[in-house]
Amino acid sequence: MLVALCGLAPMENKEGNFVPIKNTFAYRSSCPYNIYLLAAIMEQGGYEISIKDWNGKVCEIQEILEELLRFDVIMMSSNSWNWHPTRWLIEKLRSIREDQIIVVGGLQATLFGQKIIEEFPVDYVIRGEGEKSVIPLLRLIEKKGKENEVPGLVYKEKGEIRFNPLSPLMTPEEMSLLPVPLYEKLQEKTYNWLSIESSRGCVNHCIYCSVPYQRSWRPLSAKTFVDRIESYIPYLGKTLTGKFLFIDDSFIIDVNRAREIAGILKKRQIDIKAIWNGHVMELFEQEMLIELDPYTDAILVGAESFHEETLKKIGKNFRPEDILKGTELAVKLGISKKLLFSFIIGFPWQNKETIIEEINKIYDLVTTSDACAIINWLILNPGSRIWNEYYKKNKVPLHDYRKLYDKWKKEVFPLSTQEIQEIIYYIKYLQNTIPGGAYRFQEHSTIYDKIG
């Protein structure tokens, strides 16, 4: 049984043909942790798996199709960004080979399992965390197991769609027993950073965020995480930078744990650099930041807005002045150069004037410190609260999700095309007024990025 575990990069749909996106930074920065981890679990269970990682490789979709035709089982990891080329492949594969077993997992499967089974020629969908599902699923495909033994499985039985209960979320103890991802098969010098996790879930519940398992933070112990760092170090040489990306949504939410991690790294004399996520209020934890500094390459800080009303509406528990005070403390500690703030503009309640005011405050933050800032246009990600709010008003088949932006445009994005262009021009103008402007102060995404 030849099994392919696949991950696709997003692709642009040009005149009905999917082509690689030229700007690849956003999704080739760090390696896809999920497929390499699942492959390790399957290999540990006695199965031989071929990892088809097209996140870090520019390929024509026809080339991908021809490669997948030789496999008996195709397991696709999908999210809203890569769903359309993924479903194109599913339909093309099925039209050529009716005997292939096609499985869809990932966030798209968790959100839209029923629709995927209803609308597309797939055999199985896996919802939820897949670590407990992959081995029972392979046993089912081998006809050595039963459907009801596969957690999170969605399938058809005599024309009826069946849903198996999701497996309970993995506990920190279960996470600590996971194998090292099959990074020995990672493509050489393709990704900037090596992905590693020290926790799962997030403590927040922001309206724009589609991160699964919100308010369900599950951390590894400090010792267990440092043990994992040591086991991953041999694979750092496969990346372009030789550095880690901690893919946690809330790496330092537990200050004592973060300090303990720093202490163990120091005691063991482990010399690494990492990028990790932080929150605004964690910038006030000076002792923690000092202790983590030797191991920190950059801190990604989700500030999101200087507008107090916006912060309240999106679910943030800090004030605009906290952003400034936290930055001032970072300057005093000498670590402000490592801060990369993320802001979001284009919420439905914002007009051009409030957005320009927001941009000016972000500009002042950057020019009065050594920090950097990325300005993101609001993107409605499936699964987020704000996306769900609008989707309830206008449900469509999964095939037609790209049309939703056109239907929502006036309500969700009331800015005119001219106003959007004027805002973009203003950001570019400000970039040119500061040293390193294009890097330190930048627009990251467009307002009409496509949804899944």
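Thresholds, definitions, all that
- Residues numbered from 1 in each chain as written.
- Predicted model: local features only at pLDDT ≥ 70, side-chain atom pairs only at ≥ 80, totals over all residues.
- Heavy atoms only, no water.
- Helix = DSSP H or I, 4+ residues; strand = E, 2+ residues; numbered from the N terminus.
- Rg over C-alpha atoms; globule rule 2.2 N^0.38 Å.
- Areas by Shrake-Rupley, 256 points an atom, 1.4 Å probe, with all protein chains shown as cover.
- Contact = heavy atoms within 4.5 Å.
- pLDDT = per-residue confidence, 0-100.
- Core = buried A, V, L, I, M, F, W, Y, C linked by side-chain atoms within 4.5 Å.
- Buried < 20%, exposed > 50% of the residue type's maximum accessible area, 1.4 Å probe, protein only.
- Pairing = 2+ DSSP bridges.
- Axes fitted to C-alpha atoms, helices over the stretch in contact; angles between N-to-C directions.
- Salt bridge = Lys/Arg side-chain N within 4 Å of Asp/Glu carboxyl O.
- Parallel < 35°, antiparallel > 145°, perpendicular 65-115°, else oblique.
- Left-handed = near helix turned anticlockwise from the far one by under 90°.
- Nonpolar A, V, L, I, M, F, W, Y, C, P; charged D, E, K, R; others polar.
- Right-handed = clockwise from strand over helix to strand, strands pointing away.

**Regarding the overall build of the protein chain**
Then, in step 1: A count of helices and strands for the protein chain gives 17 helices and 18 strands.
Then, in step 2: In summary, the protein chain has a C-alpha radius of gyration of 22 Å against a globular reference of 22 Å for 452 residues, a match within 12%.
Then, in step 3: Oriented by its inertia axes, the alpha-carbon framework of the protein chain measures out at about 65 × 55 × 35 Å.
Then, in step 4: Accessible surface, the protein chain: about 20,200 Å² in total, of which carbon and sulfur atoms supply 50%.

**Remarks on the side chain of S336**
Then, in step 1: Tracing the backbone through its elements, the reader meets S336 in the loop between α12 (320-333) and β16 (339-345).
Then, in step 2: Setting aside chain neighbours within four positions, we find S336 in contact with A330, V331, D370 and A371.

**Things to note about the confidence of the model for the protein chain**
Then, in step 1: Chain-level pLDDT for the protein chain is 90 on average; 96% of the residues reach the 70-or-more range.
Then, in step 2: Throughout residues 446-452 the model reports pLDDT below 50, and contacts reaching past four residues in sequence, or to other chains, amount to 31 contacts.

**Regarding the nonpolar core**
Then, in step 1: Judged by nonpolar contacts, the single largest core of 97 residues is most densely connected at L137, F244, F246, F341 and F441.
Then, in step 2: The biggest single contributor to this core is helix α2 (residues 33-44), with nine residues.
Then, in step 3: Ranked by size, the runner-up nonpolar core spans 51 residues in total, among them A4, A109, W387 and Y391.

**Some words on the sheet that holds strand β4 (residues 49-54)**
Then, in step 1: As summarised here, the arrangement of the seven strands in space is β4-β1-β5-β6-β7-β8-β9, forming an open sheet in which the pairing is mixed. Each edge of the open sheet is held by one strand with a lone partner, namely β4 and β9 (160-163). Taking each pair of neighbouring strands and ignoring which way they run, the sheet shows an average axis angle of 20°.
Then, in step 2: Judged from the four bridges that link them, strand β8 (residues 153-157) and β9 form a sheet pairing that is antiparallel. Among the inter-strand pairings, V154 is bridged to a residue of β9, identified as F163.
Then, in step 3: Lying over the sheet, α2 contacts β1 (3-8), β4 and β5 (73-77), oriented at roughly 180° with respect to β4.
Then, in step 4: Taken strand by strand, helix α6 (residues 134-141) contacts β1, β5, β6 (101-105), β7 (124-126) and β8, and its axis lies near 170° from that of β7.

**A look at the pairing of β1**
Then, in step 1: Among the six residues in β1, six count as buried, and that is most of the element.
Then, in step 2: The side-chain alternation of β1 yields two buried faces, one formed by V3, L5 and G7 and the other by A4, C6 and L8.
Then, in step 3: Examined bridge by bridge, β1 and β5 share five bridges and lie parallel to one another. Across the sheet, residue C6 finds its bridge partner in β5, namely M76.
Then, in step 4: As paired elements, β1 and β4 share six bridges and run parallel to each other. Note that in β4 the partner of L8 across the bridge is W54.

**A closer look at the pattern of salt bridges**
If the charged atoms of two oppositely charged side chains come close together, the side chains can form a pair.
Then, in step 1: Applying the stated rule across the entire model yields 28 salt bridges.
Then, in step 2: In this structure, R70 and E67 form a salt bridge, with 3.2 Å as the shortest nitrogen-oxygen distance.
Then, in step 3: Overall, R70 belongs to the partly exposed group, its relative accessible area being 45%.
Then, in step 4: Among the salt bridges present, the one from R162 reaches E157, with a minimum N-O distance of 3.2 Å.
Then, in step 5: By relative accessible area, which is 34% here, R162 ends up partly exposed.
Then, in step 6: Overall, the relative accessible area of 34% leaves E157 in the partly exposed class.
Then, in step 7: Shared partners join several salt bridges into a network, and the residues in it are E129, E131, E197, R200 and R218.

**Points about the packing of helix α8 (residues 222-232) against helix α9 (residues 255-267)**
Then, in step 1: Where α8 meets α9, the closest approach of the two axes is 9 Å, and the angle between their N-to-C directions is 45°. Looking at the two axes, α8 sits oblique to α9. The two elements α8 and α9 cross, and the hand of that crossing is right-handed. Between α8 and α9, the residues in contact are A222, K223, F225, V226 and I229 and R257, E260, I261, I264 and L265, respectively.
Then, in step 2: Of the residues contributing to the contact of α8 with α9, the split by class is seven nonpolar, no polar and three charged.

**Regarding the pairing of β5**
Then, in step 1: Across the five residues of β5, five count as buried, placing the element largely inside the fold.
Then, in step 2: Taking every second residue as pointing to the same face, both faces of β5 are buried, with V73, M75 and S77 on one and I74 and M76 on the other.
Then, in step 3: Handedness of the crossover is the feature at issue here: the chain leaves β5, passes through helix α4 (residues 83-96), returns alongside β6, and the resulting connection is right-handed.

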